[in-house]
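Single-letter residue listing:
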Amino acid sequence: MTPRPLDLGGPDRLYTVTGGRSRAGDADLDLVTLVVAENDPAPGMQSEHVAILRLCRNEPVAVVELSSHLRLPVSVVKILLLDLRDTGHITVRHPTSATATTHLADLDTLKEVLVGLKAL
């Protein structure tokens, strides 16, 4: 079995990247939460923070995409994102579906569909 790049870095690197934290502690971030950079990286910032800000500079990027680009576990990326959010470097947006919340099928239509499916 060929080791992945993450396996070569070891868990001590992840411990260092997150400052020893193992949980994001905020349920506001999920896999599809969109991240937008509010400003450019500042001198002296952690390299992972700089990478996140550069990836999110031109368009919103989902948490799961950031995890893939950075080759870091989602849990680590969430911790890094919360650091950036708390310092005002990023904003997070939660995708919503306006049609799903405003237009629900009526009960009669659903019953007709069920009858049609049973007839098959």
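Position numbers for residues count from 1 along each chain, tracking the sequence in the order it is written. Reporting of local features is limited, given that this is a predicted model, to residues whose pLDDT is at least 70; pairs of side-chain atoms are given and counted only at 80 or more, and all residues count toward the totals for whole chains, interfaces and linings. Derived side-chain values reflect all non-hydrogen atoms in the structure, with water molecules and hydrogen atoms excluded from consideration.

As annotated in an unreviewed UniProt entry, the chain carries the name DUF742 domain-containing protein and comes from Actinomadura luteofluorescens.

A. Structural detail: the overall build of the chain. What counts as a helix is a DSSP run of H or I of at least four residues, what counts as a strand is a run of E of at least two, and both are numbered from the N terminus. Scanning the chain from N- to C-terminus turns up 7 helices and 3 strands. Each helix (α) and strand (β) of the chain, taken in turn from the N terminus, gives the series α-α-β-α-β-α-α-β-α-α. The burial tally for the chain puts 29% of its 120 residues in the buried class. Per-residue and other accessible areas were derived by the Shrake-Rupley procedure at a 1.4 Å probe size, with only the shown protein chains allowed to occlude residues. Accessible surface, the chain: about 8300 Å² in total, of which carbon and sulfur atoms supply 56%. Burial classification: accessible surface area is computed with a 1.4 Å probe over protein chains only, and a residue below 20% of its type maximum counts as buried, one above 50% as exposed, and the rest as partly exposed.

B. Layout of the sheet that holds strand 3 (residues 90–93). Reading across from one edge, 2-1-3 is the order of the 3 strands in this open sheet, with antiparallel pairing throughout. The sheet is open, and its two edges are formed by strand 2 (61–62) and strand 3, each paired on a single side. Pairing between two strands requires that DSSP report at least two bridges joining them. In this sheet, strand 2 lies alongside strand 1 (residues 34–37) in antiparallel orientation, the contact comprising 2 bridges. Directly across from leucine 34, in strand 2, lies its bridge partner alanine 62.

C. Region of the structure containing a nonpolar patch on the surface. Candidates for patches are residues over 30% relative accessible area with no salt bridge; among them, like charges are joined within 9 Å and nonpolar side chains (Val, Leu, Ile, Met, Phe, Trp, Tyr) within 5 Å. We count a salt bridge whenever a side-chain nitrogen from Lys or Arg sits within 4 Å of a carboxyl oxygen from Asp or Glu. There is a patch of nonpolar side chains on the surface, built from Leu31, Val32 and Val64 and spanning about 240 Å² of accessible area. Looking at the secondary structure, you find valine 32 in the loop between helix 2 (11–17) and strand 1.

D. Molecular detail of helix 7 (residues 107–119). Here, expected helix span is obtained from the residue count minus one, scaled by 1.5 Å. Its 13 residues place the ends of helix 7 19 Å apart at the C-alpha level, agreeing with the 18 Å of an ideal helix rising 1.5 Å per residue. Capping the start of helix 7 is the job of one residue whose side-chain oxygen sits 3.1 Å from the backbone nitrogen of aspartate 108: aspartate 106. Any pair of nitrogen or oxygen atoms within 3.5 Å is treated as a polar contact; in protein, a donor-acceptor pairing is required on top of that, and neighbouring residues in sequence qualify only through side-chain atoms on both sides.

E. Region of the structure containing the nonpolar core. With 21 residues, the main nonpolar core has Val35, Ile52, Cys56, Leu66, Val77 and Leu81 as its most contacted residues. Going through the elements one at a time, strand 1, helix 3 (47–55), helix 4 (63–70) and helix 5 (74–86) are the ones with two or more residues in this core. Contacts were defined at the residue level, with two residues in contact if any of their heavy atoms lie within 4.5 Å. Those residues in contact with leucine 66, other than ones at most four positions away along the chain, are Val35, Ile52, Leu55, Cys56, Val61, Val77 and Leu81. Definition of nonpolar core: a set of buried residues of the types Ala, Val, Leu, Ile, Met, Phe, Trp, Tyr and Cys, connected through side-chain atoms within 4.5 Å.

F. Structural view of the pattern of salt bridges. According to the stated counting rule, one finds 1 salt bridge in the structure shown. A salt bridge links aspartate 86 to arginine 85; the nearest nitrogen and oxygen atoms lie 3.7 Å apart. Exposure remark for arginine 85: the relative accessible area of 26% places this residue in the partly exposed category.

G. Region of interest: the pairing of strand 1. The pairing of strand 1 with strand 3 spans 4 bridges and is classified as antiparallel. Among the inter-strand pairings, alanine 37 is bridged to a residue of strand 3, identified as isoleucine 90.

H. A look at the environment of proline 60. If you trace the backbone, proline 60 turns up in the loop between helix 3 and strand 2. C-alpha separation for the pair proline 60 and threonine 33, spaced 27 residues apart in sequence, amounts to 9.2 Å. In contact with proline 60, other than residues within four places in its own chain, are Leu34, Val35, Val36 and Arg93.

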